[in-house]
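Report on the structure
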Amino acid sequence: MERFAELKTAVESVELVDAHAHNIVALDSTFPFLNCFSEASGDALSDVPHTINFKRSLKEIAQLYGSSLSLHAVQESRQRFGLESSSAICFKAAKISVLLIDDGIELDKKLDIKWHESFVPTVGRILRVEHVAEKILEKGSNRTTWTLGSFMEIFTEELKSVADKVLAFKSIVAYRSGLAINTEVTEKEAEEGLSDVLSAGNPIRISNKSFIDYIFVHALKVAQSYDLPMQIHTGFGDKDLDLRLVNPLHLRNLLEDKRFLKSRLVLLHASYPFSKEASYLASVYPQVYLDFGLAIPKLSFHGMISSVKELLELAPMNKVMFSTDGIAFAETFYLGAKKAREVVFSVLRDACVDGDLSIPEAIATAKDIFAENAKQFYKLDVSSKNSDVKPPLSSSFQEEELNSSLKDVTFVRIIWIDASGQHRCRVVPQQRFYSSVGKHGVGLTCACMGMSSTSDGPAVDTNLTASGEIRIVPDLSTKCRLPWLSSWIFSDMAYMIRSEMTLFHSFKCLAMGFCHLSSYCLLKTILNLPIFIECLVNRAELQYLHLQITICGMGAKQQEMVLADMFIEPGKIWEYCPREALRRVSKILKDEFDLVVNAGFENEFFLLKSVLRDGKEERAPFDRTSYCSTAAFDAASPILEEVFASLQSLNIIVEQLHAEAGKGQFEIALKYTDCSRAADGLIFTREVIRAVARKHGLLATFVPKYALDDIGSGSHVHISLSRNGENIFMASDGSSRYGMSKIGEAFMAGVLNHLPSILPFTAPLPNSYDRIQPNTWSGAYLCWGKENKEAPLRAASPPGVAHGFVSNFEIKTFDGCANPYLGLASIITAGIDGLRRNLSLPEPVDGDPDILKENLQRLPVSLAESVEALEKDTLFRDMIGEKLLVAIIGVRKAEVKYYSENKEAYKDLIYKY
């Protein structure tokens, strides 16, 4: 795999020129979402879920969105994200820098070409000539007056009027009458053909062979005169075509016509199933080029590889181009791009293995196919475009959103996590966010990544000062509503009932002056129930409540939040950005080993109530029950129900929750997903838990050891490895020593080997080491075990995994004060080192490590010790980045100094974490 790492990197990093696609439609379009997976229509759509493409593509979309694996769940995610955010997710993942759109397909609620500029730096138009002709004929007030001459005059004028505004012409002659184009069709034949088209009635559909051949030849002349290429549909497509007539060999008559020897023709759809024939034509006719869109991703993986290989058997590699043939749904663009990268890499890798290409030649070919060939063919000038700039919000989106669904949004919180693990945010009014900040971000001092838990100024040794400014730019794919603001009514109702307020007064308070639409709807429903009507004193009170609720509904207000990346200048990521650090090491893992890390977090936290002691406010545990207590869960159910519902609304999947061993302590375990999404989800989960607890008059804290005489709180993380969606951490058969694969063992061994150096990332406070003690299930010794909860690394075999096999490993030395991006980045860095060096695990520890401590190394007992270990470990300096590492170490040393001098200061951490 290392031999092809450079090729893999080239294929996955190149910015794509998508040379043939179609418009996206609005979310409420009637265009069936099943067409995301097939060209079928009508009753044939019912069979689409049984195709290989559907099953594969649904899995990939579900993974992209982090949703369950079902069509319903994916569609729910699309609705929850909204069109803007779901499109941002798809185009960001696709890495498309240029998009050429044929807007000649009539789709319900089709969005204009300009809308797409919100997501792709360069968007161009492809003109479908048959669509132009049909629109001209439909506009005629009296079709019986049309003559070939009058039509052709307008048709020619229309083509010429837009020739300098489009990048190519396109024909679907293959769909209508086949590719055996008669280049010598007479005017008389064309006149008769026009008459035939008009006599067919509404809507106009040009299918007469003589007439369509005539306008094709004429359009090709115009294209050639303006030096524009012509795209031609060939091979398979929707059921409109006769597959027998779309073999590109039928084009020979056109290709031999001396008038068109200087034209540039691109055959779309890889001409499948006539890919070999297309390859031959490209090899012998200088004017023929090839595009493999639609064949990828609609065919099986083997079919896609076979088709591309057939194209390259004879065709010059500088004449083969990529497109997604995306249509209606942003997901089609993502799928086309993702599978194209996988297929082209596989094809070029095989060519290298076979000796046909050297690796440098394969890399050059990949860049040509994905971008350079199309840039030359379509004469694209994209030098002034910055493909790294995050997509702005389109004006049409702004107008639509600000005038409708965003009327009830007041603020947008732009969240970042600093080096000390604190959640911080800048808040802007929604109008400014959607007009400017969503695109350009907001300014922020460079000192932001040098702040500790003790000071809002930069720590001394971070090399960061008050001088200089960065910008935090929202990642629009993470934007969401604050769910706890929508569900405040439940906690307020519970409070008023507990306070024994009268029913009328309770609902009167709920109705007056509060401002949430969901509450308005709920209250309106409740007040129409007979039992509540009967309890009201009189009809006047009922009318009063309805009036107040109506006012409440009219004034409903909410907020949004979004995670941000850090940029030093437009398009240039700041080297201190934690999210980028995780992306960077994840990319190295993917490039070198074709692996993706999946992570699932457990969130332990305490719920504390406010009590008065000697006239002073203090915090005490919510309850004093034991581990997995049913009574504790009963008491906390209103809070946990609301947390669960809020996380569901954010598409964050909760796997289980229970009362933990500490007094007032609970745990919520999240389903695993890819590491970047897991880190994002952890941030939102912490926000939800804290906010919901606050609404219920409680304080939720993730501090590792809020009370030194009680159990600590961790944020244990479960790690697994996948390749092409399959878990490869687990052994493939029973021959493994520990039930894990060689790859899994090497990765885990790397983490174990570097665990002391990882601790400053995952246990970032002096208080963290008060938790990591023997006999507390927190992992105090440098060892690993199989299902041993006293080991810092635990090989896990959850229910459903065959006996003796391991599906993931748990890292216990990760707590709720850690920045999850930096924590995961350090773990992946260590794992990569284990893979590179092919490390092996020592024998597992099955008993209590404390009993065996004479033979085991103690993990660092303080933050100072772990920082010392990190400073000696050169691996992280290279992988995490030297400047970011210096800042992290500087912040940690500031924490050590402050808390060593202020022994009681840890008690204030509950207000920060």
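Residues numbered from 1 in each chain as written. Predicted model: local features only at pLDDT ≥ 70, side-chain atom pairs only at ≥ 80, totals over all residues. Heavy atoms only, no water.

**Points about helix H31 (residues 863-872)**
The test is simple: The rule is simple: take the accessible area with a 1.4 Å probe, protein chains only, and divide by the maximum for that residue type; under 20% is buried, over 50% is exposed, in between is partly exposed. The numbering of helices and of strands both runs from the N terminus, where a helix is a DSSP run of H or I of at least 4 residues and a strand a run of E of at least 2. Starting at the helix axis, one direction is taken to each C-beta atom, and the arc is that of these directions. Contacts: residue pairs with any heavy atoms within 4.5 Å of one another.
Buried within H31 we find Leu-863, Ser-866, Val-867 and Leu-870. Along H31, the residues classed as buried sweep out an arc of 100° about the axis, all on the same side. Residues of H31 that are buried sit in contact with helix H28 (755-762), helix H29 (768-771), helix H32 (874-880) and helix H33 (882-901).

**With respect to the packing of aromatic side chains**
Just so we agree on the cut-off: Stacked, edge-to-face and tilted labels apply to pairs of Phe, Tyr and Trp rings (six-membered ring for Trp) whose centres lie within 6.5 Å, assigned for plane angles under 30 degrees, over 60, and everything in between, in that order.
This model, assessed by the stated rule, comprises 28 aromatic pairs. Plain terms: the ring middles of Phe-151 and Phe-211 are 5.4 Å apart, the flat faces sit at 50° to each other, and that makes the pair tilted. Separated by 60 residues along the polypeptide, Phe-151 in helix H6 (residues 148-162) and Phe-211 in helix H9 (residues 209-225) bring together distant segments of the chain. Judged by its relative accessible area of 0%, Phe-151 is buried.

**Re empty space enclosed by the protein**
Rules: With a 1 Å grid laid over protein atoms only, a set of points is called a cavity when a 1.4 Å probe fits there but cannot get out and a pocket when it is open yet has protein on both sides within 12 Å along at least five of seven lines; lining residues have an atom within 4 Å of a point. Grid points are joined across faces, edges and corners, and a volume is the space filled by probe spheres set on the points. When residues are grouped by polarity, Ala, Val, Leu, Ile, Met, Phe, Trp, Tyr, Cys and Pro land in nonpolar, Asp, Glu, Lys and Arg in charged, and all others, Gly among them, in polar.
Under the definition given, this model contains 2 cavities of 30 Å³ or more. Considered as a void within the structure, the largest cavity measures approximately 70 Å³ in volume. Around the largest cavity, the lining residues are Ile-415, Trp-416, Ile-417, Leu-563, Ala-564, Met-566, Pro-578, Arg-579, Asn-819 and Tyr-821. At the level of elements, strand E10 (409-417), strand E15 (558-569) and helix H24 (578-593) are the ones that each hand at least two residues to the lining of the largest cavity. Looking at the lining of the largest cavity residue by residue, the classes come out as 8 nonpolar, 1 polar and 1 charged. Taken as a whole, the second largest cavity holds about 40 Å³ of empty space. Around the second largest cavity, the lining residues are Gly-421, Gln-422, His-423, Arg-686, Arg-690, Phe-702, Gly-816, Lys-912 and Tyr-913. Split into classes, the residues belonging to the lining of the second largest cavity amount to 2 nonpolar, 4 polar and 3 charged.

**Section: the confidence of the model for the protein**
A low pLDDT score tells you not to read the predicted coordinates there in detail. So the rule is basically this: Scored between 0 and 100, pLDDT is the confidence that the predictor attaches to each residue.
Confidence in the prediction for the protein averages 86 pLDDT; 88% of positions are at 70 or higher. Low confidence marks residues 384-405, where pLDDT is under 50. Its contacts with residues over four positions away, or in another chain, come to 49 contacts. This stretch, residues 487-556, has a pLDDT under 50; its non-local contacts, to residues over four places away or in other chains, come to 83 contacts.

**Topic: the pairing of strand E27 (residues 808-811)**
Here is the rule: At least two bridges found by DSSP between two strands is the condition for calling them paired.
Side chains of E27 alternate between two faces, with Asn-808 and Glu-810 and Phe-809 and Ile-811 buried alike. As paired elements, strand E23 (residues 717-723) and E27 share 3 bridges and run antiparallel to each other. Within E27, the residue paired with Val-717 across the bridge is Ile-811. Here 4 bridges tie strand E26 (residues 793-796) to E27, and the two strands are oriented antiparallel to one another. Of the residues in E27, the one forming a bridge with Ala-796 is Asn-808.

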